Amino acid sequence: MTNPSITVQSDLVLERILSIEIVRVTERAAVSAARLRGHGREKDSDQAAVDAMRRELNKLPIDGTVVIGEGELDEAPMLYIGEKVGNKHGPRVDIAVDPLEGTTLCAKNMPGAIATLAMAEAGTLLHAPDVYMEKIAIGPGYPKGVVDLDAPAEENILNLAKAKGVRPQEITALLLDRPRHADLIAGVRKAGGSVALISDGDVAGVIHTADPEHSGIDIYLGTGGAPEGVLAAAALRCIGGQMQCRLVLDTEERRERSLKMGIKDARKRYEIEDMVRGDCLFAATGVTTGAMLKGVRFRGDIIETETVVMRSITGTVRWIRAEHRQLEKFHLD
Ligand code: VTB
């Protein structure tokens, strides 16, 4: 008979090792995408990242299932939702991937493209369809409910300023630069707040709220991809903060598709704990240099990468700058 306490113990150790193992996965994806940086070939750079990520995931000692991936089986032959990954000799885990978050940023060699992944115990990550998601996020240290997804932006900025003990003029909101955000932007400005806009990359956008002193961002607002929402929730679960989200299921087809994925309440408001229901790991490696991470640097025979990896059970955040030598020789890239 197995001793339950030993099982628990070894699970914890294994998981701790996995937090380093997943760094290799995002590193390889980032390096592969970065080789096509600035070439205007969005699909090719994404494919390169997907191939590398899949290859590395399959080496990990896990029995993994992709729950947030590149799409359904028929439209995405690799890292599709439901695909099994890992060498099967390890814990059952859910995996969320965005091998190249910001394909346009990579194609245009603009700041902020990353390769990212989250891992959690099996059955604990939200199986989100590839639809839009309304999001609001703030960093740690605020009373619960200080902002509200359904409140006007103006009210949220005023409440956040009050809770932070600053004037609304000192609050900065980050949003994707999209016409659909015109009202939100107007609301932030009406309250006196400052607006910062990004063209893509709202996983990093949400993460910025966790460290306002460094990032200058207090709140993330607006509608972006649902898969990116779950990845960001995993990161915030590790580093603290609040997030409220709702899937945009505005057509019959989308409602049906999400129902098949187990989403019964189309208007449900998700908090971090609903999207990531247990212990999780999150990693991201920079492809192009952005506010959060340095991009891949090709320097003679050495390839440099920068990765952030987080673990929710301990809240540890590691910044890993790696020098890779002879990737080709070992057929690792
Ligand atoms: C965001 C952002 C992504 O898509 O989720 C955004 O994080 C939302 O979709 O990097 P639209 O571009 O349709 O507005 C990306 O920009 C691209 O996947």
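Just above sits the structure.
Residues numbered from 1 in each chain as written. Predicted model: local features only at pLDDT ≥ 70, side-chain atom pairs only at ≥ 80, totals over all residues. Heavy atoms only, no water.

Undergrad: I keep staring at the site of the ligand and nothing clicks. Help me out?
TA: The environment of the ligand is formed by Glu101, Gly102, Tyr132, Leu176, Arg178, Arg180, Asp200, Gly201, Asp202, Gly224, Gly225 and Glu228. A distance of 2.8 Å is found between an oxygen atom of the ligand and a side-chain nitrogen or oxygen belonging to glutamate 101. A distance of 2.4 Å separates an oxygen atom of the ligand from a polar atom in the side chain of tyrosine 132. Notes on the ligand: free accessible area 410 Å², of which the protein chains cover 76%. (Near = heavy atom within 4 Å. Polar contact = N/O pair within 3.5 Å; in protein donor to acceptor, adjacent residues only side chain to side chain. Areas by Shrake-Rupley, 256 points an atom, 1.4 Å probe, with all protein chains shown as cover.)

Undergrad: I keep staring at the sheet that holds strand 10 (residues 270–271) and nothing clicks. Help me out?
TA: In a beta sheet, neighbouring strands pair by backbone hydrogen bonds and run either parallel or antiparallel. Here we have six strands laid out as an open sheet, ordered 7-6-8-5-9-10, and mixed in their pairing. Strand pairing shows two members of the sheet lacking a second neighbour, strand 7 (194–198) and strand 10, which therefore form its edges. Across seven bridges, the pairing between strand 5 (residues 132–138) and strand 8 (residues 219–225) is antiparallel. Across the sheet, the residue bridging to methionine 133 is glycine 224, located in strand 8. Seen against the sheet, helix 4 (residues 153–164) touches strand 5, strand 6 (172–176) and strand 8 and runs at an angle of roughly 145 degrees to strand 8. With respect to the sheet, helix 8 (residues 226–239) is in contact with strand 5, strand 8 and strand 9 (242–247), its orientation differing from that of strand 5 by roughly 25 degrees. (Pairing = 2+ DSSP bridges. Helix = DSSP H or I, 4+ residues; strand = E, 2+ residues; numbered from the N terminus. Contact = heavy atoms within 4.5 Å. Axes fitted to C-alpha atoms, helices over the stretch in contact; angles between N-to-C directions.)

Undergrad: Can you help me understand the nonpolar core in this one?
TA: Met243, Leu247, Met275 and Phe282 are the most contacted members of the largest nonpolar core, which totals 46 residues. Among the elements that line this core, the one with the most residues is helix 8, at nine residues. Taken domain by domain, the makeup of this core includes at least three residues from each of domain 1 (4–125 + 280–332) and domain 2 (132–275). In this view, leucine 247 contacts Ala128, Pro129, Val131, Tyr132, Met133, Ala226, Ile263, Ala266 and Tyr270; residues no more than four positions away in its chain are not counted. Core analysis: the second largest hydrophobic core is formed by 35 residues, Ala34, Met53, Leu79 and Val97 among them. (Core = buried A, V, L, I, M, F, W, Y, C linked by side-chain atoms within 4.5 Å. Buried < 20%, exposed > 50% of the residue type's maximum accessible area, 1.4 Å probe, protein only. Domains from an automatic or database assignment.)

Spatial relationships are all this shows, so hold off on functional conclusions.
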